[in-house]
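Chains, contacts and geometry: an overview
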Amino acid sequence: MTVPRKVVAGNWKMNHGPEEAREFPLGLNIGDNVTAHVLLFPPALALAGLRAGLESAGLAQRVHLGVQNVHAEDSGAFTGEISAPMAAAAGARYVLVGHSERRHVFGETDGDTLQKVAAVLRSGLTPVLCVGEKLGEREADRVEEVILRQLDAVLGSDTIRSKVASGDAPFLLAYEPVWAIGTGRTATPDDASAAHQALRNHLVERLGSSVGRAVPILYGGSVKPDNAGELMEAPEVDGVLVGGASLDPDGFSRIIQAA
Ligand code: PGA
């Protein structure tokens with residue numbers, strides 16, 4: 001995986017159906033001077049519509065697609081779920097794993113994220129592993145403990161080890177403090193940097209310097225057009241994962257341009 005910095009990723013969550021997804025690229029303004037690596041995570045049912053819209057807008061090479069969640073198994077009796085091979089066949093290249101809403105609304109554990117990261121890598125896709133502390137954990141000074149535990153949960157997997165052995169960065173990482181998601185409260189660039197630095201040091205320690213430094217670390221949590229630039233300038237912030245502000249193509253374009 002080679003991902004040039006900066007990365008700007010949009011997570012639509014459960015918003016925008018197939019028609020809205022098809023029309024979204026018409027409002028995107030990604031000029032030739034834009035160097036950011038742009039990812040979009042629509043609802044799985046809207047992936048084909050977004051893909052078609054990107055193709056007709058001539059943006060299929062500029063915007064890369066992902067899904068917001070997969071099941072750890074490739075197929076089977078799991079009503080309501082989708083699998084990593086299906087996501088790959090539908091044109092996805094990335095998968096969000098361990099988003100805070102998956103962890104805290106749907107009860108996903110560190111063990112689940114490990115299984116899902118392995119499934120994603122097996123299918124040739126790239127996981128975007130999300131980690132982040134809750135407000136009480138920040139107030140109790142437990143930020144590093146929580147985010148390094150969430151990261152460590154996947155680092156031991158055999159699939160990760162074999163990727164690292166071949167010299168590839170096995171995933172992208174997103175630091176998303178739970179108290180900043182959808183709340184309008186953003187981490188300061190200094191807070192984001194401190195968490196990113198801890199994650200970077202840990203990656204280098206566990207994966208070696210070359211691979212550990214190659215893993216892009218994105219910040220997420222109330223990123224908007226007017227704060228994206230200063231967040232992306234902070235040390236060790238390699239990009240942003242944007243929720244609410246990615247729903248509007250104009251605002252999302254402004255974040256891309258700030259990268
Ligand atoms: P937000 O969401 O930008 O709406 O805070 C971020 C996320 O959940 O990835």
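Described in the following lines is the structure provided in the data block. (Residues numbered from 1 in each chain as written. Predicted model: local features only at pLDDT ≥ 70, side-chain atom pairs only at ≥ 80, totals over all residues. Heavy atoms only, no water.)

In this section: the packing of aromatic side chains. Summed over all chains, the structure comprises two aromatic pairs. On the numbers, 6.3 Å between centres and 55° between planes, the contact of Tyr175 with Tyr219 is tilted. Taken together, the residues Tyr175 in strand S6 (residues 172-175) and Tyr219 in strand S7 (residues 217-220) connect sequence positions 44 residues apart. A cation over an aromatic ring shows up here: Arg102 above the ring of Phe106, its NZ or CZ 4.2 Å from the ring centre. (Phe/Tyr/Trp six-rings, centres within 6.5 Å; stacked < 30°, edge-to-face > 60°. Helix = DSSP H or I, 4+ residues; strand = E, 2+ residues; numbered from the N terminus. Lys NZ or Arg CZ within 6 Å of the ring centre and 35° of its normal.)

Bringing the layout of surface pockets into the picture now. Roughly 770 Å³ of volume is contained in the largest pocket. Around the largest pocket sit 26 residues that line it, and Pro43, Ala44, Gln68, Asn69 and Arg102 are the ones nearest its centre. Only helix H2 (47-56), helix H3 (84-89) and helix H4 (100-104) provide two or more residues apiece to the lining of the largest pocket. Looking at the lining of the largest pocket residue by residue, the classes come out as 14 nonpolar, eight polar and four charged. Lining the second largest pocket are 20 residues, with Lys13, Ile181, Gly182, Gly243 and Gly244 positioned closest to its centre. (1 Å grid on protein atoms, 1.4 Å probe; cavity = no way out; pocket = protein on both sides within 12 Å on 5 of 7 lines; lining within 4 Å. Points joined across faces, edges and corners; volume = space filled by probe spheres on them. Nonpolar A, V, L, I, M, F, W, Y, C, P; charged D, E, K, R; others polar.)

Another point: the side chain of Asn69. Among the secondary structure elements, Asn69 is positioned in the loop between strand S3 (63-67) and H3. A polar side-chain atom of Asn69 sits 2.8 Å from a polar atom in the side chain of Lys116. Look past the residues within four positions of Asn69 in its chain and what remains in contact with it is Glu81, Ile82, Val95, Leu96, Arg102, Glu108 and Lys116. (Polar contact = N/O pair within 3.5 Å; in protein donor to acceptor, adjacent residues only side chain to side chain. Contact = heavy atoms within 4.5 Å.)

Glancing now at the pattern of salt bridges. In this structure the tally under the stated criterion is 16 salt bridges. With its nearest N and O atoms 2.8 Å apart, the salt bridge here joins Glu101 to Lys13. Here Lys13 lies in the loop between strand S1 (7-11) and helix H1 (18-23) and Glu101 lies in helix H4, a separation of 88 residues in the sequence. Using a relative accessible area of 27% as the deciding quantity, one classes Glu101 as partly exposed. Exposure remark for Lys13: the relative accessible area of 21% places this residue in the partly exposed category. Between Asp250 and Arg254 there is a salt bridge; the shortest N-O distance is 3.8 Å. Of the two residues, Asp250 and Arg254 both sit in helix H12 (residues 249-258), four residues apart, roughly one turn of that helix. Overall, the relative accessible area of 44% leaves Asp250 in the partly exposed class. (Salt bridge = Lys/Arg side-chain N within 4 Å of Asp/Glu carboxyl O. Buried < 20%, exposed > 50% of the residue type's maximum accessible area, 1.4 Å probe, protein only.)

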